[in-house]
Every structure is written in structure tokens, then in C-alpha cells.
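Structural overview
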Amino acid sequence: MSMEATVTKIAAAARTAGQQMARIPTAQKDGALIAIADCLQKKAEDIFFANRADLKKARDNGLSAAMIDRLTVTDATIDSMANGLREVAVLSDPVGAVTDSWRRPNGLEVSRVRIPLGVIGIIYESRPNVTVDAAGLCLKAGNAVILRGGSEAIHSNRALADLIAKSLAVSGLPEKVVQIVPMTDRVAVKLLLEEERFIDLIIPRGGERLIRFVVEHSKIPVLKHYKGVCHVYVDRGADRDMAAEICLNAKVQRPGVCNAMETLLVHQKEAASFLPKVGQRFKAAGVTIKGCAKTRKLIPWASEAKDADWSAEYLDLILAVRVVGDMDQAMEHIAAHGSHHTEAIVTRDYARARRFAREVDASVVIVNASTRFNDGGQLGLGAEIGISTTKLHAYGPMGLNELTTTKFIVFGEGQVRTAEN
């Protein structure tokens, strides 16, 4: 069978499975999620064996430390995937929920009800956990999912897909509700993006190049997340100890992820007291600082920030730092260089906190906490399928509700429309 025929067969099977999934009761879906979680932990050695093959190839090919970090599966990764599935299982099923209802003057009863999106294609790089997170969320929301991971994680993803398939069979769910595209050739991605007859939505997860490739070639609606250029603004009068802890966590705790801080903005009244001390802590953590002229006077070992640095997503222990005159200048900087992902302010001033939250355009705006909290699990959504930085149809972390849409249901008692109405 040709590659084109194989992709079409996968997509068509997903459409059929998705139609069946829309009728599966909540208890059966939840049982499948628990079965997958149990299987992952029981068969962890099978996953580690496959992952070691991917890691060896990644090192041989000279992949970056950030990419290898995303690719690595550990005991903690397995537990996180399993626990994420269990958390999703106990969440309310959005399918069938009535979001609004009203009665028209002519007696018609109108309601808006949540339904599955249908078939979702996920195209992603490196992270094997996406295979499980995406499958779990799509299953709970009544969707079928087609997964196309990167070639660097092919062994891990196949092992996970095999375990998911076995669990689905035991649970009595449609066999093709979760499928992996078996080909690593990029042509397969282009072919998948042309299956508009069968696929309702494409969600790419990965670097900016991947997402732009998907947007350029897709005939199917795409939820976009180009990059995470996240800022922390330290306001005038902020608690400096709190600010230092937040900034260290936002940059250092896991620098290779999209919700890590890439640029630190500091009010000019706080800079002299704050930057030298926090700069030493960054230096001890191995962070390279690229700063404006005022920053370099306070942190002499910092290098000069170029224009491109203000819009850079480093995904590494590199930080751009700028001293700003006030919050207005900080918000202007964010508007010019941010990516609508995550923006944070550290402040003691309630009015400025409220204004920052209201006026800054980002999928998540955070007051007095790390940018690392822009995450579906951390915000109580269960495992997320990704973070959307566009506003149609979702903005921010995508949990169960964001994997559904709504339809109108109208009940009448014989009403007909006349020329007058």
C-alpha cells in the first residue's frame, strides 16, 4: 500500500471510530483511562527499553540537551502520565453538558450542548508523554485521535501506542480511536494535513519551524502555538525576595519548555537593589545574561542584548534582562516582543496588578507566581493537549472542554415560521 493510501486509511478509520466514540458512556471511557494508566506502570520496562533506543539515536545525531530532556522517559515520567490519566478519569465528562438554555416567545426551547470535535490530528516532536496525554484527553472528550510524533521518539511512541491499544481492546472501545502514523517521512505529515474529509482539527506541538510548516501546508483548521517568549516584570515596590524566587523558578527549574521565562523586566527603582543579587543567583545556576546598558552596569558580566534577543525563545539557560522606566514601558515591551503565551508581574500594588492582568494580551497572565504554572495540570484541567496562543477556538492550556464544541438543540410543539417572522 502506498504512503498516501495508508494515511487515508488511517484517517477514514479514525472518522468511523470517532462516530462510535460519541456514543460511548462516561463510565466506559473512564474505565479505559484507568486501564491505560495501570498498563503503563505495569509495563514500564517495555517503555524504558524503547526509550533507550531513541535516546541513543538522539545522542548519536547530536540533538541538543533541551531536546534530549524532552525525549527522556523516567519513572517520574511514567507516574506523571499515569496520574494524568487518572486525573482526567475523575473529571466531569463535558460531552452532553448543557452550557446554556432559554425559551423563545414562540415557545421554542433552545439549548446549547457540548459535543466532541470528532477527529483530531496531533503532530508533535520529542515528548513521548504527548502520546499518552493526547490519547487520554481525546478519549474522555469523545474524540478519535491520530498521533504523528517525531522520528526521534518513534520507538517510544510505538511502545506506548501498543500498550494503549491493548488497554482499549480490554475496555471494549473502538480499535482505531487512537492511531499512530507509522511512517517517519515528513511527506506523511503533508498527506495527513490534506485529509480534510476525515480530520476536524490539527494541533501541532513543537518548535516554531514545525508549527509554521503545519500552518503552511494544512487544509484543516490548526490551533497554533508558535513559541513561548514569556516575561516576568518586577514592579516598583515588589517583594524582592519573592521576586527572586519567582524569577529563578521561571528560568531555571526547566529552561527547555515553552512556559519558562525568556525575558526579565525590572522597574528602574528596583534595579539597583534587585539585579546584582539575583544576577549572582542566576550566575550560580549557570544562566547566561544578555542585558540592556543599565543592566550591564549592575551585572558587569552580562553581555549586550541585541535587538533579536528581545523576541528570542532560548529554551536554554539564557536570559534577556531589561530595566524599564515603569509598568507602561514594561507592557509596551511585552506587546512588541511577547508571543501571547504567559506574562507575569511581581507587585504589591493591587491596582497595578489588576491593570496588568486586564491589559496584557496573553493566554495566561500571572500575578506573584512563576510563569511555569501555565500548564493544564497545574491549573486544574488535568493533562493538557497543548497551549493555544491563538483565540479560535481556544486560548491557553487546552483541557477537556477545549476538545469539544457545541451544537444547538431546539424543541418545539408544532411551531412553523411565517412570512412575518
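Residues numbered from 1 in each chain as written. Predicted model: local features only at pLDDT ≥ 70, side-chain atom pairs only at ≥ 80, totals over all residues. Heavy atoms only, no water.

**Considering the overall build of the protein chain**
In terms of regular secondary structure, the protein chain is built from 14 helices and 16 strands. Relative to the compact-globule value of 22 Å for 421 residues, the protein chain shows a C-alpha radius of gyration of 24 Å, a close match. In terms of its C-alpha atoms, the protein chain occupies a principal-axis envelope of roughly 75 × 65 × 35 Å. Counting all 421 residues of the protein chain, 51% fall into the buried class. By sequence separation, contacts in the protein chain at least 24 residues apart represent 74% of the contacts at least 6 residues apart. Positive and negative side-chain charges of the protein chain, numbering 54 and 49 respectively, have mean locations separated by a distance of 2 Å. (Helix = DSSP H or I, 4+ residues; strand = E, 2+ residues; numbered from the N terminus. Rg over C-alpha atoms; globule rule 2.2 N^0.38 Å. Buried < 20%, exposed > 50% of the residue type's maximum accessible area, 1.4 Å probe, protein only. Contact = heavy atoms within 4.5 Å. Lys, Arg positive; Asp, Glu negative; His and termini not counted. Charge placed at Lys NZ, Arg CZ, Asp CG, Glu CD.)

**Quick look at the state of the cysteines**
Scanning the model with the defined rule gives zero disulfides in all. Looking at the unpaired cysteine 230, the closest cysteine sulfur is the one in cysteine 258, lying at 6.9 Å. Residue cysteine 230 is classed as buried on the basis of its relative accessible area of 0%. (Disulfide = S-S within 2.5 Å.)

**Looking at a nonpolar patch on the surface**
On the surface, Trp102, Phe408 and Val410 cluster together into a nonpolar patch covering about 290 Å² of accessible area. Tracing the chain through its elements places phenylalanine 408 in strand 16 (residues 404-411). Owing to a relative accessible area of 46%, phenylalanine 408 belongs among the partly exposed residues under this scheme. (Patch = residues over 30% accessible without salt bridge, like charges linked within 9 Å, V, L, I, M, F, W, Y side chains within 5 Å. Areas by Shrake-Rupley, 256 points an atom, 1.4 Å probe, with all protein chains shown as cover. Salt bridge = Lys/Arg side-chain N within 4 Å of Asp/Glu carboxyl O.)

**Section: unusual backbone geometry**
What you tend to see is this: most non-glycine residues have negative phi, and most peptide bonds are trans. Of note, the bond from leucine 392 into histidine 393 is cis; its omega dihedral lies within 30 degrees of zero at 0 degrees. Among the structural elements, histidine 393 can be located in the loop between strand 14 (387-388) and strand 15 (396-397). Even without a glycine there, the phi angle at histidine 340 is positive, about 65 degrees. Looking at histidine 340, the relative accessible area reads 35%, which means it is partly exposed.

**Details of the sheet that holds strand 10 (residues 303-304)**
With respect to topology, seven strands assemble into an open sheet ordered 10-9-11-8-7-12-13, the strand pairing being parallel. Edge positions in the open sheet fall to strand 10 and strand 13 (364-367), since each of these has one partner strand only. Across four bridges, strand 9 (residues 288-291) lies against strand 11 (residues 318-324) in parallel orientation. Paired with glycine 291 across the strands is valine 321, a residue of strand 11. On the sheet, helix 10 (residues 240-252) packs against strand 7 (230-234), strand 8 (261-267), strand 11 and strand 12 (342-346) and is oriented at approximately 160 degrees with respect to strand 8. Here helix 11 (residues 268-284) sits on the sheet and contacts strand 7, strand 8, strand 9 and strand 11; the angle it forms with strand 8, its principal contact strand, is near 145 degrees. (Pairing = 2+ DSSP bridges. Axes fitted to C-alpha atoms, helices over the stretch in contact; angles between N-to-C directions.)

**Considering the nonpolar core**
Most often, soluble globular proteins have nonpolar side chains that are buried together. Within the largest apolar cluster, 73 residues are counted, with the highest numbers of intra-cluster contacts made by Leu40 and Ile122. Among the elements that line this core, the one with the most residues is helix 6 (residues 129-140), at seven residues. Residues in contact with isoleucine 122, not counting those within four places in the same chain, are Val130, Ala134, Val145, Ile146, Leu147, Arg148, Ile203 and Ile385. Judged by nonpolar contacts, the second largest core, of 34 residues, contains Ile246, Ala271, Ile299 and Ala320. (Core = buried A, V, L, I, M, F, W, Y, C linked by side-chain atoms within 4.5 Å.)

**A few points about the packing of aromatic side chains**
A complete count under the given rule lists one aromatic pair for this structure. Their ring planes at 80 degrees and their centres at 6.4 Å tell us that tryptophan 102 and phenylalanine 408 sit as a pair that is edge-to-face. Taken together, the residues span a long stretch of sequence, with tryptophan 102 in strand 1 (residues 98-103) and phenylalanine 408 in strand 16 at a distance of 306 residues. A relative accessible area of 32% places tryptophan 102 in the partly exposed class. (Phe/Tyr/Trp six-rings, centres within 6.5 Å; stacked < 30°, edge-to-face > 60°.)

**Regarding the pairing of strand 3 (residues 119-124)**
Extensive coverage of strand 3 is indicated by the burial of six of its six residues. Here strand 3 shows a buried face lined by Val119, Gly121 and Ile123 and a second buried face lined by Ile120, Ile122 and Tyr124. Taken together, strand 3, helix 6 and strand 4 (residues 144-148) form a β-α-β motif whose crossover is right-handed. In terms of strand pairing, strand 3 meets strand 6 (residues 201-205) through five bridges, oriented parallel. Along strand 6, the bridge assignment pairs tyrosine 124 with arginine 205. (Right-handed = clockwise from strand over helix to strand, strands pointing away.)

**A word on the packing of helix 2 (residues 26-42) against helix 5 (residues 75-90)**
Close contact between helix 2 and helix 5 brings their axes to 9 Å; oriented N to C, the two are set at 165 degrees. Comparing their axes, helix 5 and helix 2 come out roughly antiparallel. For helix 2 against helix 5, the interelement crossing comes out left-handed. Along its contact with helix 2, which presents Asp30, Leu33, Ile34, Ile36, Ala37, Asp38, Leu40 and Gln41, the element helix 5 presents Ile78, Asp79, Met81, Ala82, Leu85, Arg86, Val88 and Ala89. (Parallel < 35°, antiparallel > 145°, perpendicular 65-115°, else oblique. Left-handed = near helix turned anticlockwise from the far one by under 90°.)

**Notes on the environment of glutamate 313**
Positionally, glutamate 313 belongs in the loop between strand 10 and strand 11. Sequence separation of glutamate 313 and glycine 386 is 73 residues, and the distance between their C-alpha atoms is 17 Å. What glutamate 313 contacts, discounting residues up to four positions off in sequence, is Lys227, Gly228, Val229, Cys258 and Glu262. Of note is the side chain of glutamate 313, whose polar atom sits 2.8 Å from the backbone nitrogen of glycine 228. (Polar contact = N/O pair within 3.5 Å; in protein donor to acceptor, adjacent residues only side chain to side chain.)

**Points about helix 2**
Given a rise of 1.5 Å per residue, 17 residues ought to cover 24 Å, and the 24 Å separating the end C-alpha atoms of helix 2 matches this to within 8%. When we look at burial in helix 2, the residues that qualify are Lys29, Asp30, Ala32, Leu33, Ile36, Ala37, Cys39 and Leu40. Its buried side turned inward, helix 2 meets helix 1 (3-21), helix 3 (44-60), helix 5, helix 6 and helix 7 (154-171). (Expected span 1.5 Å × (residues − 1).)

**Describing the sheet that holds strand 16**
Strand order across the open sheet formed by three strands is 1-2-16, with antiparallel pairing between neighbours. Strands at the two margins of the open sheet, each flanked by one partner only, are strand 1 and strand 16. Strand-to-strand twist of the sheet, defined as the mean angle between neighbouring strand axes without regard to direction, takes the value 20 degrees. In terms of strand pairing, strand 2 (residues 109-116) meets strand 16 through eight bridges, oriented antiparallel. If you follow valine 110 over to strand 16, its bridge partner there is valine 410.

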